[in-house]
Amino acid sequence: MVFSYYLTKIPYCLTWYTLKLFRIKKMGYFYCGDELDLEIFKSVQRHLQPLPVIAKNKQIQSDLEGLGIKSTLLPKFPDFVIMTRHAAHKFPCNKITRIGMRHGPYHFKKFTNASNYNMFDVFFMTSSEDVRHGAKIGIKSAIGMGYPKLDCAFDGTYNTETISDFKTKNRIISHKKTLLFSATWEGSGMSAVDKWAKQLGKLTEKYNVLVTLHPWVSKEYKDIISSTKGVTLIKDKNLAPWIMSSDICIGDTSSVLAEFSALGKPVITFRVEQANRLTNEIIELLDSFTYRVDTFEELRAKLRDLRNEDPLKRARTQANAVMFNHLDGTAGLRIASAIVKLIPELKLPEIDYFLENVD
């Protein structure tokens, strides 16, 4: 638990109880740590009464304002709060109903301390297997529900026609295979961005080259990639249409790999040194459903191999069953239904049927 939790708990709780005396209706918020949080929550929010937003800081508030989203700042003293991360310590009163969701699919790094999850009344994981692994370290609040951020890829939001239009709009050339590179933050010790960032120009003649990066990847690499002719550095938080427009994903330990696999696409990963939060279980998972390489030249050879066959197709299906519950476009509705069980005030009429069908 972070030190600020203990420092602020008593004055925060006193203020919360005082304000509660004068409150007529229950008040709740969605806590937003960055723009991606709203993208993840979008498929859940549309099935609930609208929630006001708390921005993590003034910079995030400004970013949201640029998107036309009004928000407020901490401290706030709600009856309930929902978030797509484990920041329950920012609301240190146990009378607050705290609901959490995964920021990305599955745990592609070692879990943080179980207490960060157990502060929540419920924390929605993307799969039952995720819940099982969490239970091993004492996480008791978790429920496997699926990944609502991917609902748009399965519910008809995108189809052959819309993806064709998307490719045309973004100058993705139809007669070329499309590669999507992904990298986690190099400061994590689990990134392979250094193995390919300066060499993308060698691929642009034969391939459409797209890149998505963790927000914390250094400006140095972002500048190198964005200045490489023929390479598109993706700024969108919604990756689904980009993934659906791509043929092969190349990454390291980013959870984008799971999203790509969920959509039935081949994945190539660079091996990285075993950092503190990279577990043997995750290495074994990557070994099972991704094509492993160590160097850029090995990557180019593997790309040539994948022109003819894709022997890991079945392994990806098996991995999807580990990383996701129900890739059916309704994860947002399932999670919304579970939230309504805790907070009936958020109920919309369409929830009625699902309330009887959520564990």
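This is a predicted model, so every value here is computed, not measured. (Residues numbered from 1 in each chain as written. Predicted model: local features only at pLDDT ≥ 70, side-chain atom pairs only at ≥ 80, totals over all residues. Heavy atoms only, no water.)

Colleague: What should I look at first to understand unusual backbone geometry in this one?
Modeller: Most peptide bonds take the trans configuration, and most residues that are not glycine carry a negative phi. The omega torsion across Leu74 and Pro75 is 0 degrees, close enough to zero to call that bond cis. Structurally, the position occupied by Pro75 is in the loop between strand 3 (72–73) and strand 4 (80–83). One non-glycine residue, Arg171, adopts positive backbone phi at about 55 degrees. By the secondary structure assignment, Arg171 is in the loop between helix 6 (160–169) and strand 8 (177–183). Positioned with a positive phi, His326 is a non-glycine residue whose angle comes to about 60 degrees. (Helix = DSSP H or I, 4+ residues; strand = E, 2+ residues; numbered from the N terminus.)

Colleague: Help me understand the pattern of salt bridges, please; the structure alone is not making it clear to me.
Modeller: Opposite charge on two side chains allows them to pair when their charged atoms are near. Under the definition given, this model contains 16 salt bridges. A salt bridge links Glu39 to Lys42, with the nearest nitrogen and oxygen atoms 3.0 Å apart. Placement of both Glu39 and Lys42 in helix 2 (residues 35–45) is noted, with a separation of three residues, approximately one turn of the helix. The class of Lys42 is partly exposed, set by a relative accessible area of 46%. Where salt bridges share partners, they join Lys20, Arg23 and Asp79 into one cluster. (Salt bridge = Lys/Arg side-chain N within 4 Å of Asp/Glu carboxyl O. Buried < 20%, exposed > 50% of the residue type's maximum accessible area, 1.4 Å probe, protein only.)

Colleague: Please explain the state of the cysteines as it appears in this structure.
Modeller: The term disulfide refers to a covalent linkage connecting the sulfur atoms of a pair of cysteines. Under the criterion given, the structure shown has zero disulfides. Cysteine Cys32 remains unbridged, with the sulfur of Cys152 as its closest cysteine sulfur at 18 Å. Overall, the relative accessible area of 0% leaves Cys32 in the buried class. Left unpaired, Cys93 is separated from the closest cysteine sulfur, that of Cys13, by 3.9 Å. A residue is classified by how much of its surface remains accessible, and Cys93, at 1% relative accessible area, is buried. (Disulfide = S-S within 2.5 Å.)

Colleague: So what exactly am I meant to see when it comes to the nonpolar core here?
Modeller: In summary, soluble globular proteins display a tendency toward joint burial of nonpolar side chains. Within the largest apolar cluster, 58 residues are counted, with the highest numbers of intra-cluster contacts made by Phe108, Phe124, Met323 and Ile339. Ignoring any residue separated from it by four or fewer positions in sequence, one finds Phe108 in contact with Thr253, Ser254, Ser255, Leu257, Ala258, Ile282, Leu285, Leu286 and Met323. Among the nonpolar cores identified, the runner-up in size contains 30 residues, and Ala183, Ala192, Ile268 and Leu312 belong to it. (Core = buried A, V, L, I, M, F, W, Y, C linked by side-chain atoms within 4.5 Å. Contact = heavy atoms within 4.5 Å.)

Colleague: What exactly am I supposed to notice about the sheet that holds strand 7 (residues 142–144) here?
Modeller: Sheet strands pair via backbone hydrogen bonds, and the direction of the pair is either parallel or antiparallel. Read across the sheet, seven strands follow the order 3-2-1-4-5-6-7 without closing on themselves; strand pairing throughout is parallel. This sheet does not close on itself; its edge strands, each paired only once, are strand 3 and strand 7. In this sheet, strand 4 lies alongside strand 1 (residues 28–32) in parallel orientation, the contact comprising four bridges. Bridged to Gly28 within strand 4 is Phe80. On the sheet, helix 3 (residues 58–66) packs against strand 1, strand 2 (53–55) and strand 3 and is oriented at approximately 130 degrees with respect to strand 2. (Pairing = 2+ DSSP bridges. Axes fitted to C-alpha atoms, helices over the stretch in contact; angles between N-to-C directions.)

Colleague: In this structure, what is going on with the sheet that holds strand 13 (residues 291–293)? I would like to understand it.
Modeller: Reading across from one edge, 10-9-8-11-12-13 is the order of the six strands in this open sheet, with parallel pairing throughout. Single-partner strands in this sheet number two, and they are strand 10 (231–233) and strand 13. In this sheet, neighbouring strand axes are inclined to one another by 20 degrees on average, regardless of whether the strands run parallel or antiparallel. Of the pairings in the sheet, the one linking strand 8 to strand 11 (residues 248–251) comprises three bridges and is parallel in character. Looking across to strand 11, one finds that Leu179 is bridged to Ile248. Taken strand by strand, helix 10 (residues 280–289) contacts strand 12 (267–270) and strand 13, and its axis lies near 110 degrees from that of strand 13.

Colleague: Any chance you could explain the environment of Phe296 here in plain terms?
Modeller: Turning to its location among the elements, Phe296 is positioned in helix 11 (residues 296–305). C-alpha separation for the pair Phe296 and Tyr147, spaced 149 residues apart in sequence, amounts to 32 Å. Not counting residues within four places of it along the chain, the set of residues in contact with Phe296 comprises Lys195, Trp196, Gln199, Lys202, Leu203 and Phe270.

Colleague: Could you clarify how one ought to interpret the packing of aromatic side chains in this entry?
Modeller: Geometry of an aromatic ring pair is reported as the spacing of the ring centres plus the angle between the planes. The full count for this structure, using the stated rule, is 12 aromatic pairs. Aromatic side chains Phe30 and Phe41 sit 4.4 Å apart centroid to centroid with 15 degrees between the ring planes, which places their arrangement in the stacked category. Of this pair, Phe30 sits in strand 1 while Phe41 sits in helix 2, and the two are 11 residues apart along the sequence. Through a chain of ring-to-ring contacts, the aromatic side chains of Phe111, Tyr117, Phe120 and Phe123 assemble into a single cluster. (Phe/Tyr/Trp six-rings, centres within 6.5 Å; stacked < 30°, edge-to-face > 60°.)

Colleague: Would you mind going over helix 3 with me for this structure?
Modeller: Owing to its 3.6 residues per turn, the α-helix aligns residues three or four sequence positions apart on the same side. The N-cap residue of helix 3 is Asn57: its side-chain oxygen and the backbone nitrogen of Gln59 are 3.1 Å apart. Of the residues flanking the end of helix 3, it is Gly68, one or two places downstream, whose phi is positive at about 80 degrees. (Polar contact = N/O pair within 3.5 Å; in protein donor to acceptor, adjacent residues only side chain to side chain.)

Colleague: Is there a simple way to think about the packing of helix 10 against helix 12 (residues 313–323) in this case?
Modeller: How two helices sit against one another is set out by the angle between their axes and by the gap between those axes. Interhelical geometry of helix 10 versus helix 12 gives an angle of 145 degrees and a closest axis separation of 8 Å. Contact residues: helix 10 offers Leu285, Ser288 and Phe289, while helix 12 offers Ala315, Arg316, Ala319 and Met323. Split into classes, the residues belonging to the contact of helix 10 with helix 12 amount to five nonpolar, one polar and one charged. (Nonpolar A, V, L, I, M, F, W, Y, C, P; charged D, E, K, R; others polar.)

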